[in-house]
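# An overview of the molecular structure
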Amino acid sequence: MSSLAKVGFVELAAGGVSGWVIVLSLERPEALERAGVRVPRRLLQAHLDLILMGLILIATGLALPDLTAAIAVPLAFGTWVNPLLFVPLAFAPGFDKRLPYRALSVVSFACVSGGLIAVAVEALRA
């Protein structure tokens, strides 16, 4: 099995485990409030995005097991960072206005979108 698929399975597992935070937000919202969560919906976004991005990595890694590191590494980076960028927004809703956050968002999104374009090209060549 490719390293990319393995990374995807780990991300899928992280998404599954993060579902417990969603259960907590529904059953005991005061617990998240005490932890400083101001916008619980952002945690739901992270949870769903981790699952979806993990599935992208698994599918890509299984379909194209010989994908070069030049494509796989940025794709894996972006598919992990994108979902995790929702987490700080759960605690500080205006955090996305800060320059470092915005820069990381652009880099992460570029890695995912560029990586997926490269994956599509590789798939068409196969």
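Before going into details, it helps to say that this report is about the structure given with it. What you see as residue numbers is a count from 1 along each chain, following the sequence as written. Local features are withheld for residues below a pLDDT of 70 in this predicted model, meaning they are given only at 70 or higher, and side-chain atom pairs are given and counted only at 80 or more; totals for whole chains, interfaces and linings count all residues. Where side-chain values are given, they derive from all heavy atoms of the structure, hydrogens and water being excluded.

In DSSP terms, a helix is any run of H or I states spanning at least four residues, a strand is any run of E spanning at least two, and both are numbered starting from the N terminus. Scanning the chain from terminus to terminus reveals six helices and zero strands. Secondary structure elements in the chain, listed N-terminal to C-terminal, are α-α-α-α-α-α. Overall size of the chain, expressed as C-alpha extent along the three principal axes, is 50 × 30 × 15 Å. Residue burial in the chain is summarised as follows: out of 126 residues, 36% are buried. The rule is simple: take the accessible area with a 1.4 Å probe, protein chains only, and divide by the maximum for that residue type; under 20% is buried, over 50% is exposed, in between is partly exposed.

Nonpolar core, defined: a set of buried Ala, Val, Leu, Ile, Met, Phe, Trp, Tyr and Cys residues in which side-chain atoms within 4.5 Å join the residues together. In terms of nonpolar packing, the biggest core is built from nine residues, these being L4, L57, L64, L67, I71, A72, L75, A76 and V119. By residue number, the principal contributor to this core is helix α4 (residues 69-84), which donates four residues. In this view, L57 contacts L4, A5, V7, G8, E11, L75, A76 and T79; residues no more than four positions away in its chain are not counted. Counting five residues, the second largest nonpolar core, distinct from the first, contains I22, L32, V37 and L43. The contact criterion used throughout is that any non-hydrogen atoms of two residues lie within 4.5 Å.

Moving on to the side chain of S25. The topology assignment puts S25 in helix α1 (residues 3-27). Those residues in contact with S25 that lie beyond four places of it in its chain are L32 and P40.

Here the focus is the packing of aromatic side chains. Whether two aromatic rings pair depends on their centres lying within 6.5 Å, for rings of Phe, Tyr and Trp, where Trp uses its six-membered ring; planes under 30 degrees apart make the pair stacked, over 60 edge-to-face, and the rest tilted. For the structure shown, the criterion picks out one aromatic pair. Relative to Y101, the ring of F95 has its centre 5.6 Å away and its plane inclined at 85°; by these criteria the two rings are edge-to-face. Under the relative-accessibility criterion, F95 is labelled partly exposed at 25%.

In this model helix α6 (residues 99-125) runs 39 Å from its N-terminal to its C-terminal C-alpha over 27 residues, within 8% of the 39 Å that 1.5 Å per residue would give. Regarding α6, the residues found buried are Y101, S105, S108, C111, V112, G115 and V119. Where α6 is buried, its residues touch α3 (41-63), α4 and α5 (86-91). In this scheme, a helix's expected span is set at 1.5 Å multiplied by one less than its residue total.

Compared with an ideal rise of 1.5 Å per residue, which puts 25 residues at 36 Å, α1 spans 37 Å between its outermost C-alpha atoms and is within 8% of the ideal. Taken as a whole, α1 has its buried residues at L4, A5, G8, E11, G15, S18, G19, I22 and S25. Those residues of α1 that are buried lie in contact with α2 (29-34), α3 and α4.

At their nearest, the axes of α1 and α3 sit 7 Å apart, and the two run at 160° to each other. When the interaxial angle is binned, α1 and α3 end up roughly antiparallel. Between α1 and α3 the crossing geometry is left-handed. In this count, Pro and Cys sit with the nonpolar residues alongside Ala, Val, Leu, Ile, Met, Phe, Trp and Tyr, while Asp, Glu, Lys and Arg are called charged and the others, Gly among them, polar. Looking at the contact of α1 with α3 residue by residue, the classes come out as 17 nonpolar, nine polar and one charged. Structural elements are reduced to axes, namely lines fitted to C-alpha atoms, with helices fitted over the stretch in contact, and the angle between N-to-C directions of any two is expressed from 0 to 180 degrees. Reported orientations rely on four angle classes, namely roughly parallel under 35 degrees, roughly antiparallel over 145, roughly perpendicular from 65 to 115, and oblique for the rest. A clockwise turn of the near helix away from the far one marks a right-handed crossing, whereas an anticlockwise turn of less than a right angle marks a left-handed crossing.

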